[in-house]
Amino acid sequence: MPLKLNTAYLADFIAEHEIEYLRPHVEIAHGLLHAKAGPGSDFLGWLTLGGGQERAELDRLKESAAWIRENADVLVVIGIGGSYIGARAAIDFMRSPNYNLLPKNTPDIIFAGNTLSPDAINETLQLCRGKRLCVNVISKSGTTTEPALAFRVFRALLEEQYGKEEAARRIFCTTDASRGLLKSLADTMGYTTFVIPDDVGGRYSVFTPVGLLPIAVAGCDIDAILSSCAMAEQAFAVPDLDKNPAYRYAAIRNLLYSKGRKAEVLVTYEPALTALCEWYKQLFGESEGKDDKGLLPASMCFSTDLHSLGQYVQDGPAILFETIIQIARPHSDFAALSTGKDTDGLEFLAGQTFGEINRTAFLGTLLAHLEGGVPNLVIEVEDRSEKSFGELIFFFEKACAMSGYLLGVNPFDQPGVESYKKNMFALLGKPGFESARKELEQKIAGMVD
């Protein structure tokens, strides 16, 4: 079953003629995107990752993944933002959020370098000591503070445990092709390297070595993922709003935004999609949150969050809409048990499966939220397979590019991300930031006073 976008629940919120009015705008944006003539056109390599990668490099990556599976109990993936969240989303989606706890014949995968918490780094070290260890450090430059600090720690652990020569065999760097401190260090030390393409930004990099190496280590079929992505590239390459669900989704979310819906909540009924929701938040947040514009990307996992945020969604201010990812067929199912007595009032559920009950929760919640005045879209995918993952990720990427152009922003840059980095470098005393440090310290002193 190919991905479907169900817009049947929008009749009370958007008229069909409003979508029709956007057709010429979509066609113009589509032309700019595919002609590489619009804002951010230097970062459109993700458009052809499904079928456009070198076979020899993919084979080399799979060989490294096989070596890691054979020689490691734990792979530590060091990266932040797009350098790790795509791989985590993939492993949770196709395997399980409990991947490290379940019986398997592949290494545990631990993500590090995405926080500066001292507790987090110490706990991660405890999980790794005494285990056969490999490290995949992911950074274009090698100077981003969080992953660079974490790499110092785990490089030292590897060298302490194995010595420098064997440690070098166990370090895999995903970085720039020719420049940057990490690339220079990798060449000097003899680390295996994979390339982050210059024309692919971090949040669009799931289907580059950034995501593919840890995904392959987890035993997922990266050929099947890329094949599905390639098919999605073709399916979503037409400008017709009636034939391209990615563009229709982009148009609808912009219409809802123009009507005062300032937040989009991505909803899932499967905990295995929680990390994918985090990936979605970076994708749309970094792409659209600029020039005082952009939907706030949020997420909820139902039915869990119905018991904490459901009240707000149902009866709170009319500022949000929901986009639901519905999985047609779960990995497995489980029948509700009969106790022979109705001590909990649930005997009527005996014989029904959790899958059926979960879907009923989806339908009941959908109806309730519609009655509460909350617009709902539903994205339907068949299962949690490689095929579904490849298609779903490209769907969101293509929709995000179109949505950004319709919004009038460059969906491929993130100028605001650099602000906190500059302040942090200055306050930490990085050479070259002395004057900025004095200025910031004066501001902080004024706030304290």
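So, a few notes on the structure that sits alongside this text. Computed from a prediction, not measured in an experiment: that's the story for all the values here.

On to helix H2 (residues 23-34). The end-to-end C-alpha distance of H2, which contains 12 residues, comes to 16 Å, matching closely the 16 Å that a straight helix rising 1.5 Å per residue would cover. Restricting attention to buried positions, one finds in H2 the residues Arg-23, Val-26, Ala-29, His-30 and Leu-33. Along the long axis of H2, the arc covered by the buried residues comes to 125 degrees, so they all point the same way. Along its buried surface, H2 packs onto helix H1 (16-21), helix H11 (245-258) and helix H15 (386-407). Directly beyond the C-terminal end of H2, a positive phi value near 55 degrees is found at Lys-36.

Here we take up the side chain of Thr-193. Along the chain, the position of Thr-193 falls in strand S6 (residues 192-195). The residues touching Thr-193, leaving out its near neighbours within four places in the chain, are Arg-60, Cys-173, Lys-183 and Ala-186.

One number sums up the size of the largest pocket: a volume of about 890 Å³. Along the walls of the largest pocket sit 34 residues, with Ile-80, Thr-144, Gly-202, Gln-414 and Lys-421 positioned nearest its centre. The set of elements that each furnish at least two residues to the lining of the largest pocket consists of helix H12 (274-288) and helix H16 (417-428). Roughly 650 Å³ of volume is contained in the second largest pocket. Of all the secondary-structure elements, those providing two or more residues to the lining of the second largest pocket are strand S9 (320-327) and helix H14 (354-371). Among the residues forming the lining of the second largest pocket, the class breakdown is 14 nonpolar, nine polar and six charged.

A cis amide bond links Phe-302 to the next residue, Ser-303, at an omega of 5 degrees. Residue Lys-36 is not a glycine yet carries a positive backbone phi of 55 degrees. Assignment of secondary structure puts Lys-36 in the loop between H2 and helix H3 (55-71).

Conventions adopted
Each chain has its residues counted from 1, running along the sequence as written. Confidence filtering applies because this is a predicted model: local features only for residues at pLDDT of at least 70, side-chain atom pairs given and counted only at 80 or more, and all residues used for totals across whole chains, interfaces and linings. Each side-chain value is worked out from all heavy atoms of the structure, with water and hydrogens disregarded. Put simply, DSSP H or I for four residues or longer makes a helix, DSSP E for two residues or longer makes a strand, and each gets a number counted from the N terminus. By this rule the span expected of a helix is its residue count minus one, scaled by 1.5 Å. A simple rule labels every residue: compare its accessible area, found with a 1.4 Å probe on the protein chains alone, to the largest value its type can have, and call it buried under 20%, exposed over 50%, or partly exposed in between. Starting at the helix axis, one direction is taken to each C-beta atom, and the arc is that of these directions. By definition in these notes, contact holds between two residues if any of their heavy atoms fall within 4.5 Å. Cavities and pockets are found on a 1 Å grid laid over the protein atoms alone: a cavity is a set of points where a 1.4 Å probe fits but cannot escape, a pocket is an open set with protein on both sides within 12 Å along at least five of seven lines, and a lining residue has an atom within 4 Å of such a point. Grid points are joined across faces, edges and corners, and a volume is the space filled by probe spheres set on the points. Following the grouping adopted for this structure description, the nonpolar residues are Ala, Val, Leu, Ile, Met, Phe, Trp, Tyr, Cys and Pro, the charged ones are Asp, Glu, Lys and Arg, and the polar ones are all others, Gly among them.

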